[in-house]
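Structure at a glance
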Amino acid sequence: MLLDGKEFSVPMATTEGRLVASTNQGCMAIYVSGGATSVLLKDGMTRAPMVRFGTAKRAVELKLFLEEPLNFDTLASVFNKSSRFGRLQRIQSAIARKNLYIMFTCSTGDAMGINMVSKGVQNVLDYLQLDFPDMDVLGISGNYRSDKKPTDVNWIEGRAQHLILLTDFYSF
């Protein structure tokens, strides 16, 4: 594969022969067309737990707490204790009735980092439980973001490393 003027091998460990063949064809087409150029738009792994309260008012109180800039440094410190590499970048939230969907975006170094992100998120949820003991965590992944199926939010905002690869297939 020719990417950004450098040749790369793309090792694959699979028993799916057609996947290897089609990947090889794609890499060859890119190579003979002069290669691809890459642009990194974003780099941030996400995890979005869903929590529920007895009232919508309590869900709003947590949303406002999370959006208060003065609270971010404390929450980042709690999150960052879980890893040498994982660093909390931002927290966003969306409310639906008594449910609050909290999206954590984190840098993970060179790792995919979903496990380190999950551990950091769990640390923050445990910390929040001290001030919000009536918070029920319904899931560490509450379908606001998804790592197992495509979602529009993932496509629009990106997940992990969001890259654009450009190539000109008409040149060969």
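Note that the structure is predicted; figures quoted are calculated from it, not measured.

1. Points about the nonpolar core
Val51, Leu62, Leu66, Ile102, Phe104 and Met135 are the most contacted members of the largest nonpolar core, which totals 25 residues. Listing elements by their share of this core, those giving two or more residues are α2 (56-67), α3 (69-80), β5 (87-96), β6 (99-107) and α4 (114-131). Counting residues per element, this core draws most heavily on α4, which supplies seven residues. With sequence-adjacent residues up to four places away left out, leucine 66 is seen in contact with Leu75, Ile91, Ser93, Leu100, Ile102 and Leu128.

2. Looking at the packing of aromatic side chains
Any pair of aromatic rings gets described here by the distance separating the centres and the angle formed by the planes. For the structure shown, the criterion picks out two aromatic pairs. Look at phenylalanine 53 and phenylalanine 132: their rings are 6.2 Å apart centre to centre, the planes differ by 75°, and that puts the pair in the edge-to-face class. Taken together, the residues phenylalanine 53 in the loop between β4 (50-52) and α2 and phenylalanine 132 in the loop between α4 and β7 (136-139) connect sequence positions 79 residues apart. Since its relative accessible area comes to 6%, phenylalanine 132 is described here as buried. Three or more aromatic residues link up through ring pairs in this structure, and these residues are Phe53, Phe65 and Phe132.

3. Some details on the pairing of β5
Relative to β6, β5 runs antiparallel, the two being bridged by nine bridges. Looking at the pairing, serine 93 lines up with isoleucine 102 of β6. The loop that links β5 with its antiparallel partner β6 comprises two residues; one of these, arginine 97, has a positive phi angle of about 60°.

What counts and how
- Residue positions are given per chain, counting from 1 as you read along its sequence in written order.
- Predicted model: local features are reported for residues with pLDDT of at least 70 only, side-chain atom pairs are reported and counted for 80 or more only, and whole-chain, interface and lining totals are derived from all residues.
- Side-chain measures were taken over the full set of non-hydrogen atoms in the model, leaving aside hydrogen atoms and water.
- Buried Ala, Val, Leu, Ile, Met, Phe, Trp, Tyr and Cys residues form a nonpolar core when they are joined through side-chain atoms within 4.5 Å.
- Exposure classes here rest on a 1.4 Å probe applied to the protein chains alone. A residue is buried below 20% of its type maximum, exposed above 50%, and partly exposed in between.
- Secondary structure elements follow DSSP: runs of H or I of four or more residues count as helices, runs of E of two or more count as strands, with numbering from the N terminus.
- By the convention used here, residues are in contact when the closest approach between their heavy atoms is within 4.5 Å.
- To pair, rings of Phe, Tyr and Trp, with the six-membered ring standing in for Trp, must have centres within 6.5 Å; the planes then decide the type, stacked if under 30 degrees apart, edge-to-face if over 60, and tilted in the middle.
- Pairing between strands requires that DSSP locate at least two bridges from one strand to the other.

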